[in-house]
Amino acid sequence: MRALSILSAIAILVSLFLSWTGPALPVPAVTPWDLISALKPDVEALRSFIASSPGELVAFLATFVLAAVFLVLVLFNLPSRLIGLLGGGLGVGLTGWTVWKISKGASDLPVPVNLDIGKANDIARAVTDLAGPGAWAWVAGSALLLLAALIGWDRR
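Scope of this entry: the structure provided in the associated data block. (Residues numbered from 1 in each chain as written. Predicted model: local features only at pLDDT ≥ 70, side-chain atom pairs only at ≥ 80, totals over all residues. Heavy atoms only, no water.)

The subject of this paragraph is unusual backbone geometry. Unlike most non-glycine residues, Asn77 shows phi in positive territory, near 60°. Within the secondary structure, Asn77 sits in the loop between α4 (55-75) and α5 (81-103). What makes Asn77 partly exposed here is its relative accessible area of 23%. (Helix = DSSP H or I, 4+ residues; strand = E, 2+ residues; numbered from the N terminus. Buried < 20%, exposed > 50% of the residue type's maximum accessible area, 1.4 Å probe, protein only.)

The subject of this paragraph is a nonpolar patch on the surface. Residues Met1, Leu85, Leu144, Leu147, Leu150 and Ile151 make up a contiguous nonpolar surface patch of roughly 510 Å² in combined accessible area. The greatest single-element share of the nonpolar patch, amounting to four residues, is contributed by helix α7 (residues 133-151). Residue placement: Met1 occurs in the segment before α1 (2-14). What makes Met1 partly exposed here is its relative accessible area of 38%. (Patch = residues over 30% accessible without salt bridge, like charges linked within 9 Å, V, L, I, M, F, W, Y side chains within 5 Å. Areas by Shrake-Rupley, 256 points an atom, 1.4 Å probe, with all protein chains shown as cover. Salt bridge = Lys/Arg side-chain N within 4 Å of Asp/Glu carboxyl O.)

These results come straight from atomic positions and should not be treated as a statement about function.
If you want it as C-alpha cells, here you go:
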C-alpha cells in the first residue's frame, strides 16, 4: 500500500501539468499549472484569490497541496493517514459532486451536457468527451490515495 500511496500522490501532482480539457470542449488545452502561474501568486494575491473563490475551487487546489505534503511525509517514512484521507477524500468528493451537478444541469460547463446519473454509458460518454488526461490522473490518484489511506500500510 505504501507504493500505491506514493504513486497516487505523484499522479495527483503530475495532473497539475497535464491538459484537463477533453475533445468536446471548444477551448485550447488548459492545465491547472497554467492557471496558477497566470496569477503570479504572492501571499496577498493568494489570500484574496482564496477569499473570493468558490469553496469547490479552494478544495480542488487543496488536493494538490495535500498530495504534496503526503508525498513528502511518505518519502521520509512518516505517512499520515489523515492527510491521505483528506487529500483523497476531497478529490473523490469533488468528483462525485461535479457528476451530480452535471446530472442536475446545475454545472456551468461551456458545452451542454445531457446526463442521466442512473445510466453508466451516459456518464462514460460525458467523461470521455469532457475530461482530458489531467482530469483522469487526478481522479484516479485521488481514489487510490483514499483507498490506500483507508487500508493503511506497514511502517518500515
